Amino acid sequence: MKHYLSKIFDEAKKKLEYLNEIEISFSIPNNPEHGDLSTNAAMLLTRKLKKNPREIAREIIDNLAFDSDILESVSIAGPGFINFKFTQKFLSKIITEVNREKENFGRSDKYKGKKAIVEFVSANPTGPLTVGHGRNAVVGDTIANLLEAIGYDVDREYYFNNAGRQMRVLGESVRLRYLELLGETVDFPEEYYQGEYIIDIARKIVDEKGDSLKKVEDVTYFKDVAENEIFEDIKSTLKRLKIKMKSFFNEFSLYEEGKIEEVLKIFKDKGMSYEKDGAVWLKLTELGNENDKVIVKSTGEPTYRLPDIAYHTTKFERGYDLIVDLFGSDHSATYPDVLAGLKFLGYDTSKIKVLIHQFVTIMENGEVVKMSTRKANFVTLDELIDEVGSDVVRYFFIMRNMSSHLNFDLSLAKKQSDENPVFYLQYAHARIASILRMTAGEGLERSMENLDLLTTDSELNLMRKLSHFKDELLYASENYEPHRVANYLEELASLFHKFYTDCRIIGSEKNLAEARIALAVAVQQAIRNGLKLLGVEAPDKM
RNA sequence: GCCCACGUAGCUCAGUGGAUAGAGCAUCGGUUUCCUAAACCGCAGGUCGCAGGUUCGAUUCCUGCCGUGGGUACCA
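Residues numbered from 1 in each chain as written. Chains lettered and ligands numbered in written order. Predicted model: local features only at pLDDT ≥ 70, side-chain atom pairs only at ≥ 80, totals over all residues. Heavy atoms only, no water.

## What about the sheet that holds strand β8 (residues 273-276)?
Think of a sheet as strands paired side by side through backbone hydrogen bonds, with each pair either parallel or antiparallel. Taking strand neighbours across the sheet as the criterion, the 3 strands line up as β8-β9-β10 in an open arrangement whose pairing is antiparallel. Two strands lie at the open edges of the sheet, namely β8 and β10 (293-296), each paired on one side alone. On average, adjacent strands in this sheet sit at an angle of 45° to one another, irrespective of strand direction. As judged from the 3 bridges shared by strand β9 (residues 279-282) and β10, these two strands associate in the antiparallel manner. (Pairing = 2+ DSSP bridges. Helix = DSSP H or I, 4+ residues; strand = E, 2+ residues; numbered from the N terminus. Axes fitted to C-alpha atoms, helices over the stretch in contact; angles between N-to-C directions.)

Have a look at this one:
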């Protein structure tokens, strides 16, 4: 629809020069009585032309050469909107379009040939994924799906660090629990990992090695076992959510390949770093940031900034056109340093899109459940999936704008009742499947021959909604706002349920019934395609 | 203190500078001889945190204030 309007406006620009001076956009009016699409072009020109916007609108309309088979009416309304109402004939074409494109309906090739990398989850293997990681995992995977839907070739990457202090503490935590299981009295420090899973890992070591490691003080073995166990657990959780990473990038490889040294040397050679108090500092103030920051500690160990910068240089070297990083808001302070460093090294940081999602608050029985990996009192993502299933988990994490705090009501989610919006969507899909089973039994078949019989408001509104699917997906993808897809699908499902109530199929005249089946099938396809992008099942029966 | 988000109906939240600010849940009422009532329809519910500013027009953009969360480490 927008495509057609852009076309006739381009024609009009030849006659009305002033149309070139503004950006003409079309939006969907809130009130359906205002037509299918509308533009505020005339209002934007009031100042420039010093004329009444309604007069300008009149002039624009007089210069629009439109086909009356496509546009039913073009009218001026309110302060100077131009409203466009499309014909039934044009609207119903969407049904044949869906039928033609099937599982590709909604997708586009706008970014075909471009390569993108989406880095997400990136939790270090120190414990099971928590509900907090869940939001990151689901949002990241869905964004990757959306980028693929608009043509990108997308790689999903998980970045992690299995060296450093965190992991030493992990190894030591396991060792102490191991000694405990062997009957020794140990003093287990509060800052160590308190979770039950540490004891499970220690028990496994006891089972396999008995007390042979009792005298071993080096934590390497304990650390390695813990890392493997935990990583297997993380991977299985991701798998349950249907998340498949292309690669797991280990920070350690940056040291092995000399990337860290390389970057450090450049900073040093170009006078961008200096030593103070035994540490190496990066002159971030010279790059426009607030404070200089340490990149190598006095212990000789780099802070996360240096490997992060080195890591990102590999993303550039790997030739990506778009580099998406998804972090929780607790990382919001780290990326400006990394970007500044990369910019200094000469990389085009406009290719990097840093996305920050806000925290998840878990509510249970009206109370906030506090989460911390180190302390024991967290809800794991796995437990959550056990309770409500992968579909509900994915949908709950995606249905809100990532910039808003997410209130996850555990008691409600556990209910698995009809209060849950994901069932509403799935039910619409299942209901159509059921209709198709029933109508087939009646000898009715989908037909594209008489789509002009679809003239009631419920039918027209459904066709309008379907017509917007592609634009909605493109907008959601380009703006990294996956929750819009969920919102759109809920609206589509709602319109379908209304159609179901208003327009019967079995019992209607044959041509009408078969045209309605065609509409229902198109809706089902759109819902299925949308749910697929969200990673949610589209069941045929519920 | 400073930096980044957020603040919309009782609750959870949509809302692409536009027209009468919407949905779900919760409350109350209605709809089934008929393709799944996991649905549909209706009632009620709002100083869009507060105060300024820009604009023909601001929930939307800017500034200040208040509130919530996060950050401000030689933790990540």
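That covers the picture; the talk isn't over yet.
## Topic: the packing of aromatic side chains
With the rule as written, the count across this model stands at 26 aromatic pairs. Both rings, one in Y158 and one in F160, keep their centres 6.5 Å apart while their planes meet at 70°; by these two values the pair is edge-to-face. Assessed through its relative accessible area of 0%, Y158 is described here as buried. Judged by centre distance (3.9 Å) and plane angle (10°), the rings of Y159 and Y311 are stacked. Placement of Y159 in strand β6 (residues 153-160) and of Y311 in helix α13 (residues 305-317) is noted, with a sequence separation of 152 residues between them. Among the residues examined, Y159 registers a relative accessible area of 7% and is labelled buried. Under the relative-accessibility criterion, Y311 is labelled buried at 0%. The lysine or arginine in question, K235, covers the ring of F248, its NZ or CZ lying 4.8 Å from the ring centre. (Phe/Tyr/Trp six-rings, centres within 6.5 Å; stacked < 30°, edge-to-face > 60°. Buried < 20%, exposed > 50% of the residue type's maximum accessible area, 1.4 Å probe, protein only. Lys NZ or Arg CZ within 6 Å of the ring centre and 35° of its normal.)

## Examining helix α15 (residues 381-388)
Each turn of an α-helix holds 3.6 residues, which means side chains three or four residues apart point in the same direction. Buried residues of α15: L381, D382, L384, I385 and V388, and no others. For α15, the angular spread of buried residues about the axis comes to 160°, placing them on one side. The secondary structure elements touched by the buried residues of α15 are α7 (131-149), α10 (220-240), α16 (390-398), β15 (406-409) and α17 (410-415). (Arc of directions from axis to C-beta. Contact = heavy atoms within 4.5 Å.)

## Here we look at the environment of V296
Among the structural elements, V296 can be located in strand β10. In this structure V296 comes out as buried when scored by relative accessible area, which is 10%. When the C-alpha atoms of V296 and N529 are compared, they prove to be 48 Å apart, with 233 residues separating the residues in sequence. Once you skip the residues sitting within four places of it in the chain, V296 turns out to touch L264, A279, V280, E301, P302, T303 and L306.

## Observations regarding the sheet that holds strand β13 (residues 360-364)
Strand order in the open sheet formed by 3 strands is β14-β13-β15, and the pairing between neighbours is mixed. Edge positions in the sheet fall to β14 (367-369) and β15, since each has one partner strand and no second. Between one strand axis and the next, the sheet turns through 40° on average, direction left out of account. Of the strand pairs in this sheet, β13 and β14 are connected by 3 bridges, and their pairing is antiparallel. Pairing of M363 across the sheet is with V368, part of β14.

## A closer look at the pattern of salt bridges
This structure, assessed with the given rule, holds 36 salt bridges. Of the charged contacts, one joins D10 and K13 as a salt bridge, the two residues approaching to 3.4 Å between their closest N and O atoms. One end of the pair is D10 and the other is K13, both in helix α1 (residues 2-13) and 3 residues apart, which spans about a single turn. With relative accessibility at 43%, the residue D10 sits in the partly exposed group. With a closest N to O distance of 3.3 Å, K293 and D337 form a salt bridge. Of this pair, K293 sits in strand β10 while D337 sits in helix α14 (residues 335-344), and the two are 44 residues apart along the sequence. (Salt bridge = Lys/Arg side-chain N within 4 Å of Asp/Glu carboxyl O.)

Take it as geometry only, folks, not as evidence of what the structure does.
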